[in-house]
Amino acid sequence: MLSRVAETLYWTARYVERAENLARLINVNNLLMMDLPRGVSPGWAPLIDIIGHRESFTQYYSDYSEKNVLKYLTVDSRNPSSIVNALKLARDNTRTVREVVPRPVWETINNLYQTAKEKPNDFLSKRDRFASLTQVIEGIQLFFGALESTLNHDAGYVFIRSGSLLERADMTSRIIDVRSAVLGSLTNDSPYENLQWMSVLRSLSAYQMYRQQMGVKVTPQDVLEFMLHNPYFPRSVLFCLNQMRSLLITIPNSPTMLERIDHSITELNKVQSSDLQGAALHKYIDELQIDLADIHNQFAEQYFLV
């Protein structure tokens, strides 16, 4: 497989995964704002922190109002990670490799982008917002479903899935980092704390599976254990790393990548969730994000034209 094609497939999956994660995050934050009283609600600024765009956001907007944050995250052309821009980049990438992806995959991402582009105000409208974001989520699930069921599970599939898994692990770490920081600064009132840790799980579509495995009670340590170390939940960091490792075994020239991922898995397994509180949690998540960035850099050096 050409390096150009491999890189295009990898980034296509990252952009699509990013759009889905943002859509989920906005929907969950909207629900959290309705559940919490004024003065306890974290507001909309944490969503900008989760994607790491505070400096960019403040260049264009004077405050973190609901309207400004929603516009920046969904339709603002100046934000390369906005939902519409992420879908556009994924669509443009898919168009350049149409010879290696099944037609239903191309049609799904093209239709999803066109719909989002033609109705940008629906993302900002209180009445239409939830339905529009849900349409994005469902369309992206259709995109990945089409890939899973119609694309040869060869090298191309490995690069697509690896891009998706790395993006997913990164977003999981970001949500944990920012949400836990907000929780630490707001209140020790247990009912509100419980609601906000539940929102962490819901942001990652993890609440139901968490309850099945960890029980009804939501505690910070159990949430961290589930989202960092669970080997079965598709959005946990450990699951993503294990899956990447299993995929990369199947393609040539992978020993260096496998060694790099094995190191990350070993370091992750050394960490005890009970030790991750306050500054220690933030410090560890910073290290984890650096580690995930190193995996990406190794991936690019190994397989892409750099």
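These notes cover the structure that comes with them.

What to know about the overall build of the chain
Per the secondary structure count, the chain includes 15 helices and 0 strands. Whereas a compact globule of 306 residues would reach a radius of gyration of roughly 19 Å, the chain reaches 19 Å, a difference of no more than 12%. C-alpha extents for the chain along the principal axes are approximately 55 × 50 × 35 Å. Counting the 306 residues in the chain, one finds 55% classified as buried. When contacts within the chain are restricted to residue pairs at least 6 apart in sequence, those whose partners lie at least 24 apart make up 66%. Taken as a whole, the chain presents about 13,900 Å² of accessible surface, with 50% of it coming from carbon and sulfur. The chain carries 31 positive and 34 negative side-chain charges, and their two centres are separated by 7 Å.

Describing the packing of aromatic side chains
Per the counting criterion, the structure on display carries 16 aromatic pairs. The interplanar angle of 80° and the centroid separation of 5.4 Å between the aromatic rings of Phe 159 and Tyr 303 together place this pair among those described as edge-to-face. Remark: Tyr 303 occurs in helix H15 (residues 279-303) and Phe 159 occurs in helix H9 (residues 155-186); sequence separation between them is 144 residues. Classification of Phe 159 by relative accessible area gives buried; the value is 5%. The ring of Tyr 60 has Arg 78 lying over it, and the distance from NZ or CZ to the ring centre is 4.2 Å. A cation over a ring is seen here: Arg 202 above Tyr 207, with NZ or CZ 4.4 Å from the ring centre.

Observations regarding the packing of helix H6 (residues 103-118) against helix H8 (residues 129-150)
If you want to describe how two helices pack, look at the angle between their axes and the distance between the axes. At a closest axis distance of 9 Å, the pairing of H6 and H8 adopts a crossing angle of 170°. On the basis of the axis angle, H6 is roughly antiparallel to H8. Between H6, through Val 105, Thr 108, Ile 109, Leu 112 and Thr 115, and H8, the contact on the second element is made entirely by Gln 135, Val 136, Gly 139, Ile 140, Leu 142, Phe 143, Ala 146, Leu 147 and Thr 150. Tallied by class, the residues present in the contact of H6 with H8 amount to 9 nonpolar, 5 polar and no charged.

A word on the pattern of salt bridges
According to the stated counting rule, one finds 21 salt bridges in the structure shown. Across the pair Arg 24 and Glu 20 runs a salt bridge whose closest N-O atoms are separated by 2.5 Å. Of this pair, Arg 24 and Glu 20 are both found in helix H1 (residues 3-35), 4 residues apart, which corresponds to roughly one turn of the helix. In this structure, Arg 24 and Glu 20 share a single accessibility class: buried.

A word on empty space enclosed by the protein
For the coordinates displayed, the defined rule picks out 1 cavity of 30 Å³ or more. Its boundaries defined by the atoms lining it, the largest cavity holds a volume of some 60 Å³. What lines the largest cavity is simply Leu 9, Thr 12, Ala 13, Thr 94, Val 97, Val 101, Val 105, Phe 143, Leu 147 and Ile 160. The biggest single contributor to the lining of the largest cavity is H1, with 3 residues.

What about the packing of helix H13 (residues 237-248) against H15?
Interaxial distance between H13 and H15 falls to 13 Å at its minimum, and their mutual angle equals 15°. As summarised for this structure, H13 and H15 are arranged roughly parallel, according to the angle between their axes. Crossing handedness for the pair H13 and H15: left-handed. Residue-level inspection shows Val 237, Leu 241, Met 244 and Leu 248 of H13 in contact with H15, the latter providing Leu 288, Leu 292, Ile 295, Phe 299 and Tyr 303. Of the residues assigned to the contact of H13 with H15, the class counts are 9 nonpolar, no polar and no charged.

Focus: the environment of Leu 292
By the element assignment, Leu 292 lies in helix H15. In this view, Leu 292 contacts Leu 166, Ala 169, Asp 170, Ser 173 and Leu 241; residues no more than four positions away in its chain are not counted.

Focus on the environment of Asn 111
For Asn 111, the position within the fold is in helix H6. Along the primary structure Asn 111 and Arg 91 are separated by 20 residues, whereas in three dimensions their C-alpha atoms are 9.2 Å apart.

What about the side chain of Asp 76?
In this structure, Asp 76 sits in the loop between helix H4 (66-74) and helix H5 (83-96). Of the residues examined, Asp 76 reaches a relative accessible area of 4% and is grouped as buried. For Asp 76, the side chain forms a polar contact with the side chain of Tyr 61, separated by 2.6 Å. Polar side-chain contacts of Asp 76 include one of 2.9 Å to the backbone nitrogen of Arg 78. Every residue in contact with Asp 76, bar those within four places of it in the chain, is listed here: Tyr 61, Lys 71, Ser 82 and Asn 85.

About the criteria used
Residues numbered from 1 in each chain as written. Predicted model: local features only at pLDDT ≥ 70, side-chain atom pairs only at ≥ 80, totals over all residues. Heavy atoms only, no water. Helix = DSSP H or I, 4+ residues; strand = E, 2+ residues; numbered from the N terminus. Rg over C-alpha atoms; globule rule 2.2 N^0.38 Å. Buried < 20%, exposed > 50% of the residue type's maximum accessible area, 1.4 Å probe, protein only. Contact = heavy atoms within 4.5 Å. Areas by Shrake-Rupley, 256 points an atom, 1.4 Å probe, with all protein chains shown as cover. Lys, Arg positive; Asp, Glu negative; His and termini not counted. Charge placed at Lys NZ, Arg CZ, Asp CG, Glu CD. Phe/Tyr/Trp six-rings, centres within 6.5 Å; stacked < 30°, edge-to-face > 60°. Lys NZ or Arg CZ within 6 Å of the ring centre and 35° of its normal. Axes fitted to C-alpha atoms, helices over the stretch in contact; angles between N-to-C directions. Parallel < 35°, antiparallel > 145°, perpendicular 65-115°, else oblique. Nonpolar A, V, L, I, M, F, W, Y, C, P; charged D, E, K, R; others polar. Salt bridge = Lys/Arg side-chain N within 4 Å of Asp/Glu carboxyl O. 1 Å grid on protein atoms, 1.4 Å probe; cavity = no way out; pocket = protein on both sides within 12 Å on 5 of 7 lines; lining within 4 Å. Points joined across faces, edges and corners; volume = space filled by probe spheres on them. Left-handed = near helix turned anticlockwise from the far one by under 90°. Polar contact = N/O pair within 3.5 Å; in protein donor to acceptor, adjacent residues only side chain to side chain.

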